[in-house]
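Analysis of the macromolecular model
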Amino acid sequence: MIVVFGSLGVDLVTNVSHIPHPGETVLCEGYFMVPGGKGANQAVSAARAGSKTAIIGSRGNDGFADLALSIMREAGVDVSAVAPVEKPTCVALITVDEKAENAIVVASGANQSTRAGQLEKSSLGKGDIVLLQREIRDSENFAAIRIAKERGARVVFNVAPAGPVPEDMLRLIDDLVVNEHEALTVAKAAGIETDDPQEAVRLINQRYGCAGIVTLGAEGVVGWIDGVRRSAPALKVTPVDTTAAGDSFTGAYAAALDQGLGFSLALARGAASGSLACTRPGAQTSIPMKAEIDDALKDYAV
């Protein structure tokens, strides 16, 4: 089973000709709202990739709460541990340009009320996977990692948005998932001097023992585990919206591990899921089903 400890909310998305510069106003025809939040996105991805999934988090007592939970419910994610709090449900303001690049501002709201104690009350046990991101308080994430390891769970930490990870946490986690920018941020904070994201995750794997995975966009993904390099290609697609690509990768990667498919195939399934998510607009609305991943990899050989 996968237990996501993390964020959820609503994405308000606008499509523009270009992302505005400081002081610039850009007009567009309209907007749409869809469920989002990195934790929720990854929960949907894991569930759609075929794993039993639950999420632990927080939401407001407002009109956004039901929308924030709606697609997770449809995907079969257990949302019973999402706590109602006094702060408003998180809203992310997402601007997508004609090249499918995006800029995002997150108003965290209720996500800042999520506490590791919620995980402690769960039935988490040996063989489960705990999946975390950085849209809730670092202190609660780190406490949750300690609880997960005490319970015998595998910890997959997606350090997104980018930020430092203490060395004692790097020694506890099992899988570090980062993009190129995040890889360098984590490495620098750990005293690793390199400008190469792939070298950064190799050295993190070497020094701390956790698997180091760096996503490379159209170039696919590279992972280091036990000192051995593995990689998987991205699918050849025409991107429409890259908003949930990283979350789609991470959820499908965790699902493959949960299903006992091994590190190399987990990288491939994550890369396929992330690629497919780029072909559709929105966050959770773009995340593919297990059958789509299976079909995309029908001729793939590890």
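Scroll up to find the structure.
Scoring rules and cut-offs
Residues numbered from 1 in each chain as written. Predicted model: local features only at pLDDT ≥ 70, side-chain atom pairs only at ≥ 80, totals over all residues. Heavy atoms only, no water. Pairing = 2+ DSSP bridges. Helix = DSSP H or I, 4+ residues; strand = E, 2+ residues; numbered from the N terminus. Axes fitted to C-alpha atoms, helices over the stretch in contact; angles between N-to-C directions. Expected span 1.5 Å × (residues − 1). Buried < 20%, exposed > 50% of the residue type's maximum accessible area, 1.4 Å probe, protein only. Contact = heavy atoms within 4.5 Å.

1. Comments concerning the sheet that holds strand β11 (residues 211-215)
Strand pairing in a sheet relies on backbone hydrogen bonds, with the paired strands running either antiparallel or parallel. The strand order across the open sheet formed by nine strands is β5-β4-β1-β8-β9-β10-β11-β12-β13, and the pairing between neighbours is mixed. Whereas interior strands pair on both sides, the edge strands pair on one side only; in this sheet they are β5 (78-85) and β13 (228-232). Along the sheet, successive strands turn relative to each other by an average axial angle of 20°, direction set aside. Pairing of strand β8 (residues 129-132) with strand β9 (residues 154-158) involves four bridges; the strand directions are parallel.

2. Digging into helix α4 (residues 138-150)
Helical geometry note: an α-helix holds 3.6 residues per turn, so side chains three or four residues apart project in the same direction. With 13 residues, α4 extends 18 Å between its outermost C-alpha atoms, agreeing within 8% with the 18 Å of an ideal straight helix rising 1.5 Å per residue. Those residues of α4 that sit buried are Glu-140, Asn-141, Phe-142, Ala-144, Ile-145, Ile-147 and Ala-148. For α4, the secondary structure elements touched by its buried residues are β1 (2-5), α3 (116-120), β8, β9 and α5 (167-172). Downstream of α4 by a residue or two, Gly-152 has a phi angle that is positive, lying close to 85°.

3. Quick word on unusual backbone geometry
With an omega dihedral of 0°, the bond running from Ala-160 to Pro-161 counts as a cis peptide bond. Looking at the element boundaries, Pro-161 is found in the loop between β9 and α5. Within the chain, Ala-100 stands out as a residue other than glycine whose phi angle is a positive 70°. With respect to the helices, strands and loops of the structure, Ala-100 is situated in the loop between β6 (90-96) and β7 (102-107). In this model, Asp-226 sits at a positive phi of 50°, which is unusual for a non-glycine residue. Relative to the elements of secondary structure, Asp-226 occurs in the loop between β12 (221-225) and β13.

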